[in-house]
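Descriptive analysis of the structure
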Amino acid sequence: MPVAVYVLGLSVFALGTSEFMLSGLLQPLARDLGVSIPQAGLLVSAFAIGMVVGAPVLAAATLRLPRRTTLIALLAVFGLGQVAGALAPSYGVLFASRVVSALACAGFWAVGAAVAVSLVPEDARARAMAVMIGGLSIANIAGVPAGALLGQHAGWRSAFWAVAALSAVGLVGVVALVPATKPGTGADTPRLRRELAIYRDRQVWLAVIATALNAAAVFCLFSYLAPLLTETAGLKESWVPSVLALFGVGALIGTAVGGRIADAHLFGTMYGGIGASTLVMAVLALTAHIAAAAIGLAVLLGVAAFTTAPALNARMFNVAGAAPTLAGATTTAAFNTGNTLGPWLGGLVISAGLGYSAVAWTGAGLAALALATTAVASRLHGGTSRVVARSAAAPAHEQRDEQAAQPTVTG
């Protein structure tokens, strides 16, 4: 695997820490800013909304720009967004800083994913994406619990300063180790019209829906995991960082497993991961009042959810192979559509007085819908895990151009 892919994974560690760390900071943040837990949870949705909007818009806007330069600029803006969050005097300013940071994060994800898959052969795409997603897993193991600890002992703002420092480290790595690229010319010139043609393919939309529903299921629960552990399972708040770290360990295990098996068993990996997430959340809804069960099921949810992630990413690049930049942007937007929907639905359930166990039931229902969507996609695809190298939406002569332009670098 090229070292540049690992550098991108390191950068994603900073991005993922910022995106997910609020799950461990909701309570101190809500107390400090004088807002409710559901209102604080909307900061997770704010970040996700920025990702949804930013991924396709920035991918299209930077389509013909050098990818390395684009990554550097976006990572710098992201770091400045963390500084703004750390200095935010009010909830509104913090909300705005989260959206700006998310826009930059979305662009980095979209372009970074395109760079990662361009550096490896087609049969290693899931492994390349697993490295990037591994940055998210490590963020859950180290970054999110560390953010929760900082929030408890040094104030929630210190967590934002820490992510700003991580962003600076990632920026140095991208500058030093990600190869420079130039915009294509002639047949290799990126064409927005050609890339937009992927949206005429129903398999692309099925992949979007499955990805969004799966993410909504996981984040409906994960966003409120800390109060579930303290209010329903009866754990002390000091336990939250440890449980979040265990979730991250499960996520790292899931990413490693998914990255190894998804290239050969794409639909099987999606069936297994989404189905397991559905079962885990349903059981958690029934046993959330038992502390040991809540902790163990949180770990299993990390394994199940992140086993699925490399397959969902690779699936989009397979069905939308004629548009590598927008494929990454579309996957990012799909994940974060779910990341927006999930916390919002969870907040509605909590505000309705149904309790945190009902959030787990909501997540299980969303995961079941994702499983059904995957079944429809598999049936239309012929029930196989065959890699689809090019989107049927692209005209034949453009498919030939795109194939000729594919890199031959191997990992």
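Residues numbered from 1 in each chain as written. Predicted model: local features only at pLDDT ≥ 70, side-chain atom pairs only at ≥ 80, totals over all residues. Heavy atoms only, no water.

1. Here's the deal with empty space enclosed by the protein
The following threshold applies: We place a 1 Å grid over just the protein atoms. Points where a 1.4 Å probe fits but has no way out form a cavity, open points with protein on both sides within 12 Å along at least 5 of 7 lines form a pocket, and any residue with an atom within 4 Å of a point lines it. Grid points are joined across faces, edges and corners, and a volume is the space filled by probe spheres set on the points. Labels follow the DSSP assignment, with helices taken as runs of H or I lasting at least four residues and strands as runs of E lasting at least two, numbered in each case from the N terminus. Each residue is assigned to one of three groups, with Ala, Val, Leu, Ile, Met, Phe, Trp, Tyr, Cys and Pro labelled nonpolar, Asp, Glu, Lys and Arg labelled charged, and all others, Gly among them, labelled polar.
Tallied over the full model, the rule gives six cavities of 30 Å³ or more. Each pocket or cavity is described by its volume, and for the largest cavity that value is around 350 Å³. Contributing to the lining of the largest cavity are 22 residues, with F20, L136, F219, F335 and N339 lying nearest its centre. When contributions to the lining of the largest cavity are tallied by element, the ones reaching two or more residues are α1 (3–20), α6 (125–153), α9 (202–222), α13 (291–319) and α14 (324–351). Class assignment of the residues belonging to the lining of the largest cavity gives a composition of 14 nonpolar, seven polar and one charged. The volume enclosed by the second largest cavity comes to roughly 50 Å³.

2. Overview of the packing of aromatic side chains
What counts, and what does not: Pairs were defined over the aromatic rings of Phe, Tyr and Trp, the Trp ring being its six-membered one, requiring ring centres within 6.5 Å. Orientation was assigned from the angle between planes: stacked under 30 degrees, edge-to-face over 60, tilted for the rest. Buried, partly exposed and exposed residues are distinguished by accessible area as a fraction of the type maximum, computed with a 1.4 Å probe on protein chains only: under 20%, between the cut-offs, and over 50%, respectively.
Per the stated rule, a full pass over the model turns up five aromatic pairs. For the ring pair F219 and F222, a centre distance of 5.9 Å and an interplane angle of 75 degrees mean the geometry is edge-to-face. Of the two residues, F219 and F222 are both situated in helix α9; the distance of three residues between them amounts to about one turn of the helix. Among the residues examined, F222 registers a relative accessible area of 3% and is labelled buried. Look at F222 and F247: their rings are 4.6 Å apart centre to centre, the planes differ by 35 degrees, and that puts the pair in the tilted class. You can see F222 sitting in helix α9 and its partner F247 sitting in helix α11 (residues 240–261), a full 25 residues away along the chain. A single burial state applies to F222 and to F247, both of which are buried. These aromatic residues form a ring-pair network of at least three members: F219, F222, F247 and F306.

3. Description of a nonpolar patch on the surface
Keep this limit in mind: In this analysis, a patch consists of residues with relative accessible area above 30% that form no salt bridge, clustered at 9 Å for like charges and at 5 Å for the nonpolar side chains Val, Leu, Ile, Met, Phe, Trp and Tyr. Accessibility throughout is a Shrake-Rupley quantity obtained with a 1.4 Å probe, and a residue counts as covered only by protein chains that appear here. Any carboxyl oxygen of Asp or Glu within 4 Å of a side-chain nitrogen of Lys or Arg constitutes a salt bridge here.
A grouping of L42, L341, W344 and L348 is seen on the molecular surface, where their side chains present a nonpolar patch of about 340 Å² in accessible area. At three residues, the largest contribution of residues to the nonpolar patch is made by α14. Mapping L348 onto the fold places it in helix α14. The partly exposed category is assigned to L348, whose relative accessible area is 43%.

4. Section: helix α3 (residues 37–61)
Selection criterion: A helix is expected to reach a length of 1.5 Å times the quantity of its residues less one. Bend is the name given here to the angle between axes fitted to two runs of seven residues, the run ending at a residue and the run starting at it.
Over its 25 residues, α3 extends 36 Å from the first C-alpha to the last, a length consistent with the 36 Å expected when each residue adds 1.5 Å. A bend of about 35 degrees at G54 is the largest found in α3, and the proline P56 appears one to four places after it.

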